[in-house]
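# Chain and residue survey
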Amino acid sequence: MKLALEIGLIVTSVLLVVLVLLHRGKGGGLSSLFGGGVQSSLSGSSVVERNLDRLTIFVGLVWFILIIGVELDIKFS
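Residues numbered from 1 in each chain as written. Predicted model: local features only at pLDDT ≥ 70, side-chain atom pairs only at ≥ 80, totals over all residues. Heavy atoms only, no water.

## A short note on the overall build of the protein
Across its full length, the protein carries 4 helices and 0 strands. If you list the helices and strands of the protein from N to C, you get α-α-α-α. For the protein, the proportion of its 77 residues judged to be buried stands at 18%. Within the protein, residue pairs in contact and separated by at least 24 positions form 70% of the contacts whose partners lie at least 6 positions apart. (Helix = DSSP H or I, 4+ residues; strand = E, 2+ residues; numbered from the N terminus. Buried < 20%, exposed > 50% of the residue type's maximum accessible area, 1.4 Å probe, protein only. Contact = heavy atoms within 4.5 Å.)

## A closer look at the side chain of Thr 56
Considering the arrangement of structural elements, one finds Thr 56 in helix H4 (residues 46-75). By relative accessible area, Thr 56 is classed as buried at 12%.

## Some remarks on the UniProt feature "transmembrane region" (unreviewed entry) in the protein
The UniProt entry lists residues 55-74 under the feature "transmembrane region" (unreviewed entry), expressed in the numbering used here. Taken end to end, residues 55-74 is 100% helix and 0% strand, and its two terminal C-alpha atoms sit 29 Å from one another. (UniProt positions renumbered as here; feature names shortened; annotations may be inferred.)

## A closer look at helix H1 (residues 2-22)
The end-to-end C-alpha distance of H1, which contains 21 residues, comes to 30 Å, matching closely the 30 Å that a straight helix rising 1.5 Å per residue would cover. Restricting attention to buried positions, one finds in H1 the residues Leu 5, Gly 8, Leu 9, Thr 12, Leu 16 and Leu 19. What you see down the axis of H1 is that its buried residues fit within an arc of 105°, all on one side. More than 90 degrees from the buried face of H1, the exposed residues found are Leu 3, Ile 10, Val 11, Val 14 and Val 17. Buried residues along H1 sit in contact with H4. (Expected span 1.5 Å × (residues − 1). Arc of directions from axis to C-beta.)

Structure representation (structure tokens):
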């Protein structure tokens, strides 16, 4: 159980970092590097940003739950 929680925590941590870096900030962020000309058509699309926001929030919640699970596993071991 502990190993599964730790692997899940590592995977969600890396995924959360990638998702946060993909968000478009004031300077464009990493998402501007992947698109070039495509970036201009995606930047106006609120659907893409909204889905990225939802995915980031979901992964963040899973990460938080895994943190609590690891803490409880350490506490009761």
